[in-house]
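# Tertiary structure, described
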Amino acid sequence: AVVSTQSTGIHAVCVPLLLWTGQAMLAPFVLCTVADHPITMCTLGTCVYILYYLYLHPVVGMITLPLLSAMAYSAHLYWSMDLDNKWMVLIGIHVVSWIAQFIGHGKFEGRRPALLDSLVQAVLTAPFFVFFEYCFFFGLFEDLHLEVQREVYKEIARKRQ
């Protein structure tokens, strides 16, 4: 759980950027075509995210559905832009976002990033928790937010002993 304002800010900005750049990197790779519509690795990956999030928490899953869909759509549109070095731009944003994540974890949280514990947690579950943070920010799920905060502070106290 994120406990510092700085780390929360880094997560709020960098995790969606990592997700979007990942989608954009997968967008050019067409797996098949259905009714003259290309199904890309981005399309498939986005469907996995949506289904997983609906499974984990149906309400938050429904909130993320249009967001993830819009991100995937814009990731596909990215490739039609008149922009030189599209791959370098994506890789640059992706690498800078990962570096910021590592700095946020090390400097502000004093722990290692989820990537070092579990790739699935870092890639699939971390964005889900960031979506929850946005929900909490906008006043949704207040009881759950309070419960999460209590557990975080208990864990902090336990680790300080």
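Higher on the page you've got the structure.
The text that follows walks through the structure, step by step, so that each part is easy to find. (Residues numbered from 1 in each chain as written. Predicted model: local features only at pLDDT ≥ 70, side-chain atom pairs only at ≥ 80, totals over all residues. Heavy atoms only, no water.)

## What about the side chain of S97?
Locating S97 in the fold gives a position in helix 4 (residues 86-109). Note on S97: relative accessible area 3%, which makes it buried. Leaving out residues up to four positions away in the same chain, S97 has contacts with C14, L17 and L18. (Helix = DSSP H or I, 4+ residues; strand = E, 2+ residues; numbered from the N terminus. Buried < 20%, exposed > 50% of the residue type's maximum accessible area, 1.4 Å probe, protein only. Contact = heavy atoms within 4.5 Å.)

## What about the pattern of salt bridges?
Inspection of the entire model under this criterion finds 1 salt bridge. We note a salt bridge from E151 to K154, for which the minimum N-O separation is 3.3 Å. Of this pair, E151 and K154 both sit in helix 7 (residues 142-160), 3 residues apart, which is roughly one turn of the helix. (Salt bridge = Lys/Arg side-chain N within 4 Å of Asp/Glu carboxyl O.)

## Things to note about the packing of aromatic side chains
Between two aromatic rings, the relevant description is the distance of the centres plus the angle of the planes. Tallied over the entire structure, the rule returns 14 aromatic pairs. Ring centres 6.1 Å apart and planes at 65 degrees place the aromatic pair F128 and F129 in the edge-to-face group. Accessibility expressed as a relative area gives 6% for F128, which makes it buried. Within the aromatic cluster, the residues linked to one another by ring pairs are Y49, Y52, Y53, F128, F129, F131, F132, F136 and F141. (Phe/Tyr/Trp six-rings, centres within 6.5 Å; stacked < 30°, edge-to-face > 60°.)

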